[in-house]
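# Observations on the three-dimensional arrangement
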Amino acid sequence: MLNTERPDTAAASLLEGNVVILTDGTPFVLIAPTTFYSLLQSPEDYYEGYLIGTLIRWLRYAFLLVALLLPSGYVAILTYHQEMIPTNLLISVARSREQIPFPALVEALIMESTFEALREAGIRLPKNIGSAVSIVGALVIGQAAVSAGIVSAPMVMVVAITGIASFLIPRYNAAITLRILRFPIMFLAGTLGLVGIMLALLTIIIHMCTLRSFGVPYLQPLAPIRNSELKDTIIRAPWWSLKKRPHWTGDYNKFRQSNGQKPSPGKGNE
Amino acid sequence: MMKQAKISPIQMALLMNPAIAATVLLLVPSITAKQAEQDSWISPIWASVIGFFVVFIAYQLNKLFPEESIIEYSEYILGKFLGKLISAAFLFFYLHITGIIVREYGEFVSATSLFNTPMTVIIGSMVLVCSFAVLGGPEVIGRVSEIIVPVVMLLYIIIFILLIKDLEVKNMFPIMEKGIKPSLMGSIVPQSWFSEFILISFFLPFVKDKKKGMKWGMISVCSVMILMVLTNIMNLFLFGKLTASLTYPVMVAARYISIADFLEHLESIVMAIWIAGTFIKITVFYFILSLGIAQWLKLSDYRPIVLPIGFLILLQGLWSAGDLQELSHYLATTGAVYILSFQVPIPVILLLIATIRNKIQQGKGNKQNEAPVNH
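Below, the discussion takes up the overall build of chain A. In terms of helices and strands, chain A carries nine helices and five strands. For chain A, the N- to C-terminal ordering of α and β elements is β-α-β-β-α-α-α-α-α-α-α-α-β-β. Across the 270 residues in chain A, those meeting the buried criterion constitute 29%. Sequence-distant contacts, at least 24 apart, represent 62% of the contacts inside chain A between residues at least 6 apart.

This paragraph deals with the overall build of chain B. Tallying secondary structure elements over chain B gives 15 helices and two strands in all. Taking 21 Å as the expected radius of gyration for a compact globule of 375 residues, we find that chain B reaches 22 Å, a close match to that expectation. With the principal axes as the frame, chain B shows a C-alpha extent of 90 × 50 × 35 Å.

Between chain A and chain B, the contact holds 23 residues from the first and 28 residues from the second. Among the elements that take part in the side of chain A that touches chain B, helix α9 (residues 194–210) of chain A stands out by supplying 10 residues, more than any other. Counted by class, the side of chain A that touches chain B contains 18 nonpolar, four polar and one charged residues.

Bringing the environment of Ala 94 of chain A into the picture now. All names here are of chain A. Mapped onto the elements of the fold, Ala 94 is located in helix α4 (residues 87–96). On the basis of neighbour counts, which here come to 13 C-beta atoms within 10 Å, the residue Ala 94 falls in the partly exposed class. For the pair Ala 94 and Leu 78, spaced 16 residues apart in sequence, the C-alpha separation works out to 9.2 Å.

Note that the residue after Ala 32 of chain A, namely Pro 33 of chain A, is joined by a cis bond; omega there is -10°. Examined against the element boundaries, Pro 33 of chain A turns out to sit in the loop between β3 (29–32) and α2 (36–40). Although it is not a glycine, Lys 298 of chain B adopts a positive phi angle of roughly 55°. With respect to the helices and strands, Lys 298 of chain B occurs in the loop between α12 (267–296) and α13 (306–319). Judged by the 7 C-beta atoms lying within 10 Å of it, Lys 298 of chain B falls in the exposed class.

This part covers the packing of helix α5 (residues 119–136) of chain B against α12 of chain B. Residues and elements named next belong to chain B. Between α5 and α12, the shortest axis-to-axis distance is 9 Å and the interhelical angle comes to 60°. With respect to α12, the element α5 is oriented oblique. Here the hand of the crossing between α5 and α12 comes out right-handed. Of the residues in α12, those in contact with Met 126, Val 129, Cys 130, Ser 131, Ala 133 and Val 134 of α5 are Phe 279, Ile 282, Thr 283, Tyr 286, Phe 287 and Ser 290. For the contact of α5 with α12, the residue count by class is nine nonpolar, three polar and no charged.

Here we come to helix α7 (residues 153–167) of chain A. Because each turn of an α-helix spans 3.6 residues, side chains separated by three or four positions end up pointing in the same direction. Compared with the 21 Å implied by 1.5 Å per residue over 15 residues, the 22 Å span of α7 of chain A between its first and last C-alpha is a close match. In this structure, the buried residues of α7 of chain A make contact with α3 (50–79), α5 (104–124), α6 (127–147) and α8 (172–192) of chain A.

The next subject is helix α3 (residues 70–78) of chain B. Within the span of α3 of chain B, buried status applies to Ile 70, Ile 71, Tyr 73, Ser 74 and Ile 77 of chain B. Backbone geometry just downstream of α3 of chain B places Gly 79 of chain B in the positive-phi region, at approximately 90°.

All right, on to the nonpolar core then. Ranked by size, the top nonpolar core spans 152 residues in total, and within it Ile 197 of chain A together with Met 126 and Phe 197 of chain B carry the most contacts. No other element matches α12 of chain B, which puts 18 residues into this core. For Met 126 of chain B, the contacting residues outside a window of four places in its chain are Leu 199 of chain A together with Val 102, Tyr 105 and Ile 282 of chain B.

Here we take up the confidence of the model for chain B. Residues and elements named next belong to chain B. Across chain B, pLDDT averages 79, with 91% of residues at or above 70. For chain B, the element scoring lowest by mean pLDDT is strand β2 (residues 263–264), at 62; α5 scores highest, at 88. Low confidence marks residues 370–375, where pLDDT is under 50. Its contacts with residues over four positions away, or in another chain, come to zero contacts. The ipTM assigned to the predicted complex is 0.80, against a pTM of 0.84.

Looking now at the packing of helix α11 (residues 249–256) of chain B against α12 of chain B. The relative placement of two packed helices is expressed as an angle between their axes plus a distance between the axes. Residues and elements named next belong to chain B. Relative to each other, α11 and α12 sit at 145°, their axes nearing to 8 Å. Contacts between α11 and α12 involve Val 250, Met 251, Ala 254 and Arg 255 on the former and, on the latter, Glu 267, Ile 269 and Val 270. Here the residues of the contact of α11 with α12 are counted per class, giving five nonpolar, no polar and two charged.

All names here are of chain A. Sheet architecture is open: three strands sit in the order β1-β3-β2, paired in antiparallel fashion. For this open sheet the edge positions go to β1 (2–4) and β2 (19–22), each flanked by a neighbour on one side alone. Pairwise comparison of adjacent strand axes, ignoring direction, gives a mean angle of 30° for this sheet. Taken together, the three bridges between β1 and β3 define a ladder with antiparallel strand orientation. Across the sheet, residue Leu 2 finds its bridge partner in β3, namely Ile 31.

Reading guide: rules and limits
Within each chain, residues carry numbers counting from 1 in the order of the written sequence. Both sets of labels track the order of writing: A upward for chains, 1 upward for ligands. Under the rules for a predicted model, residues below a pLDDT of 70 receive no local features and side-chain atom pairs below 80 are neither given nor counted, while totals for whole chains, interfaces and linings still include all residues. In this description a helix means any DSSP run of H or I spanning at least four residues, a strand means any run of E spanning at least two, and both kinds are numbered starting from the N terminus. Whether a residue is buried, exposed or partly exposed follows from its count of other C-beta atoms within 10 Å of its own C-beta, namely 20 or more, 12 or fewer, or something in between, respectively; the C-beta atoms are built from the backbone. Note that contacts rest on C-beta atoms placed from the backbone: two residues are in contact if these are within 7 Å. Our radius of gyration is a C-alpha quantity, and the globule rule it is checked against amounts to 2.2 Å times the number of residues to the power 0.38. All residues other than Ala, Val, Leu, Ile, Met, Phe, Trp, Tyr, Cys, Pro, Asp, Glu, Lys and Arg, Gly among them, are scored as polar; the first ten of these are nonpolar and the last four charged. Helix axes use the C-alpha atoms of the stretch in contact, all axes being lines fitted to C-alpha atoms, and the angles between their N-to-C directions lie in the range 0 to 180 degrees. Any angle that is under 35 degrees is reported as roughly parallel, and any over 145 degrees as roughly antiparallel; angles of 65 to 115 degrees are reported as roughly perpendicular and all others as oblique. Two helices cross in a left-handed way if the nearer one is turned anticlockwise from the farther one by less than a right angle. They cross in a right-handed way if the turn is clockwise. Under the convention used throughout, the expected extent of a helix is 1.5 Å for every residue step, that is, one less than its residue count. Note on terminology: a nonpolar core is a set of buried residues of type Ala, Val, Leu, Ile, Met, Phe, Trp, Tyr or Cys, with members joined through C-beta atoms within 7 Å. For every residue, the predictor states its confidence as a pLDDT score lying anywhere from 0 to 100. At least two bridges found by DSSP between two strands are what make those strands a pair.

Structure below.
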């Protein structure tokens, strides 16, 4: 189930034919059923033009992968597949790693867990101290650790990009899963290289394929494929083309808006 | 329990595609090129004939027994003892084949990236992941392939496009210099792969829309054929007669890609593609093996025996060959005949006997129906 505080999300879900559950004493409503893609959609997608909405959505999908795989990919490439990096880049990475006492995996684990700790600390603290913590964190992680030779500068970059990427996911419950999954994937990358990452990805895909939410396959509409519904997942199709409700909820009343919504220049006699 | 899960015909087609093509893409170019030389791109077209034939037979058998797999109906057709014997042979054959596939995967991974990791770890981790998918059942396998196959295809086509710069069309000529024979000879090994389409007879009982099953089966064969032709053309244009002497031509081809001094050494992408493809291939074979054994022993559910079978597959993978040379040689020589002899004649004989028995029974039935009228 999805939870939301926003009335517009709840209204849009109702329009799609989902069930919205209101409970006394909480600002959140529950939306059922949930699919994987509804976790990645943000209401802002629908307020902009469809081209902008689509691009933002693609950015989000891309950074979903980054948030999940960047540290482990970095570890795997540095440990097992150095030949993949262009030579110049490899030299500069190697130079920055020269003085680091740890293997890439340990380095990544230290940095990632420090980052997660900082993030949790930032949430708990009141706003005024929170910013102080983030300054200390940025200084400690970014500057001091590099100059002390404990971690390499590229690693700091990797962790920072991963951190930013994980903020792109609009739902907390999806983002936290990514944060948790990142660690086992890093271990696999450190032991089996890219093969390990592939195995981890495959396992995640298998798991998501077995899931169902109130009878709806979790990865719907990508697997099983529903061509007509892909236009609201892969791209954000223009409003006027989203006539039908998703089929898993729309059996009762298929259409959510009437025909002929596409804007066009008026005919001569009108 | 087992019969409830349903997959769509498209899922079946997407699932069968890597189940055949995955290992093919790496090994076939060099094997066909040995026999067919510059005609190696024609060989898959000949070989696909057997694919179409096998799908046709599987579909006809499925029409007669819409809810059963080949293990179950061989008993109806041949009687209890012979049927059990044939399906046991079939199952042992699949155990062996799955072992070989797993070993191919292990050899590939250990040759390209994990040089020092023991084979047991490489194979074992893969079999474990596959067993998760098998435990999920046909629906899950279908969905996984729906996600993975398009991505794999896309990456593969991207590699092909990036290679266009280096391709030499001249390598293709003269077409059919020594007549049709070399390309036919080269098609024998791909034929053995195409005959693996008989696996479709295990999935047809799960397909929702039976009528479309045939159509999508054929589309699947077509797609595999196109993929193989593309692969062979790519390697032919790139390496010419060198192809035959390379073990993994596609891998070497990916090494050629160099664009803007940045996109280099894309063999890791080939590896990723290949791992995903082989994953589906192993899963399909693994699933069929578990399902077949469960049906053979008349178990109500196949899930409890999945993990033990995984262990057997792991052992088979370790024992099936000493090293890659042995494996490749085996596949190019005796293996082809071995695989073909199991997957084509048995279903054909089954179909023949079934149709004859049906005719006889219909004849009897008609006589019985007519009998009262005559009285």
